[in-house]
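Chain by chain, the residues:
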Amino acid sequence: MEVKIVKDKAEGGQVAFDIIKAGIEQGAKVLGLATGSTPITLYQAMIASDLDFSNLTSINLDEYVGLPEDNPQSYHQFMKDNLFNKKPFAHSYVPNGNAADPAQAAADYETIIADNPIDIQILGIGRNGHIGFNEPGSDLDGKTHKVHLTESTIEANKRFFDREEDVPRYAISMGIGSIMKGKKILLLAYGEDKADAIKATIEGPVTNHVPASVLQNHDDAILIIDEAAASKLSK
Ligand code: GLP
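So, here is what we can say about the structure in this document.

Counting its secondary structure elements, the chain contains seven helices and 10 strands. Relative to the 2.2 N^0.38 estimate, which gives 18 Å for 235 residues, the radius of gyration of the chain is 16 Å and therefore close to what a compact globule would have. Here the contacts in the chain between residues at least 6 apart in sequence split such that 80% fall between residues at least 24 apart.

Shown next as structure tokens:
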């Protein structure tokens, strides 16, 4: 695991962008994308660039269950608003949170990932160390599946909704095993409220209690974190 400490999220987005740009120049065709506030500066750098993504495929990590695709808080809509409307890809996949059969939708998504191996996977991190929506306790080899969100994630995400009861309780997420298949993984984290999760990810044991700690086992994982997120590291 390589750790790059940056000044702030603007620099972090630029550093991540430079890695993606170099990856595309070297032939990367499939980007694994994430939502949340963290990747926004990266997406801004992608939009501001002259890079063309219209020959690339994107595969998103997760989606809430039960939100219409055009709901402003759905991850389908988030990706359109923050990237795809400005920089379209040849194909963009986001899990179907409205499937009548979520287990089948999850299995179908694994087929999409198998057919389009992810060259560069972008990740944020939850305050409890989750990646995608793989909450503490998730199977480290897990595939795409329906997830019951923890209270801490619902609490963290309620700021985007009018009322806490509007926050979906379930999501469909790529599993930790699916994420680990990405050839290169970039995890981004900014701000002091990520400092505990980052310390556990880097300095703690590999454990499913801190899903991101599994990146210690990946041979090309880069953590791009700002000084606040790095503030609890001992080294
Ligand atoms: C959600 C997403 C994660 C994201 C996390 C952190 O739970 N499923 O992919 O990493 O939020 O969000 P933020 O970047 O807004 O802190």
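Now for the packing of aromatic side chains. Summed over the entire model, instances satisfying the criterion amount to six aromatic pairs. Ring geometry for Y64 versus Y75: centroids 4.9 Å apart, planes at 40°, classification tilted. One end of the pair, Y64, is in strand β4 (residues 62–64); the other, Y75, is in helix α3 (residues 75–84), with 11 residues separating them in the sequence. Between Y75 and F133 the ring centres are 6.0 Å apart and the planes differ by 10°, which places this aromatic pair in the stacked class.

Considered as a void within the structure, the largest pocket measures approximately 700 Å³ in volume. Taken together, 34 residues make up the lining of the largest pocket; nearest its centre are T35, G36, S37, N157 and R159. Secondary structure elements with two or more residues in the lining of the largest pocket: β4, α3 and α5 (151–157). Considered class by class, the residues forming the lining of the largest pocket number 14 nonpolar, 14 polar and six charged.

Close to the ligand lie 13 residues; S37, T38, D62, H130 and K194 are nearest. Side-chain polar atom of H130 to an oxygen atom of the ligand: 2.8 Å apart, as the coordinates give it. Notes on the ligand: free accessible area 390 Å², of which the protein chains cover 94%. In this structure, the ligand is accommodated by the largest pocket.

This paragraph deals with the environment of G175. Locating G175 in the fold gives a position in the loop between β8 (170–173) and α6 (176–180). Residue contacts for G175: discarding those within four places in its chain leaves N134, G142, K143, T144 and H145.

Strand pairing in a sheet is mediated by backbone hydrogen bonds. Such pairs are either parallel or antiparallel. Within the open sheet, the seven strands sit side by side as β1-β10-β9-β6-β2-β3-β5. Their pairing is parallel. Whereas interior strands pair on both sides, the edge strands pair on one side only; in this sheet they are β1 (2–6) and β5 (91–93). Strand-to-strand, the axes of this sheet are offset by a mean angle of 15°, without reference to chain direction. Of the strand pairs in this sheet, strand β2 (residues 30–33) and strand β6 (residues 120–123) are connected by two bridges, and their pairing is parallel. When the sheet's bridge partners are listed, G32 is paired in β6 with Q121.

Parameters and conventions
- Residues numbered from 1 in each chain as written.
- Predicted model: local features only at pLDDT ≥ 70, side-chain atom pairs only at ≥ 80, totals over all residues.
- Heavy atoms only, no water.
- Helix = DSSP H or I, 4+ residues; strand = E, 2+ residues; numbered from the N terminus.
- Rg over C-alpha atoms; globule rule 2.2 N^0.38 Å.
- Contact = heavy atoms within 4.5 Å.
- Phe/Tyr/Trp six-rings, centres within 6.5 Å; stacked < 30°, edge-to-face > 60°.
- 1 Å grid on protein atoms, 1.4 Å probe; cavity = no way out; pocket = protein on both sides within 12 Å on 5 of 7 lines; lining within 4 Å.
- Points joined across faces, edges and corners; volume = space filled by probe spheres on them.
- Nonpolar A, V, L, I, M, F, W, Y, C, P; charged D, E, K, R; others polar.
- Near = heavy atom within 4 Å.
- Polar contact = N/O pair within 3.5 Å; in protein donor to acceptor, adjacent residues only side chain to side chain.
- Areas by Shrake-Rupley, 256 points an atom, 1.4 Å probe, with all protein chains shown as cover.
- Sits in = over half its atoms within 2 Å of the grid points.
- Pairing = 2+ DSSP bridges.
- Axes fitted to C-alpha atoms, helices over the stretch in contact; angles between N-to-C directions.

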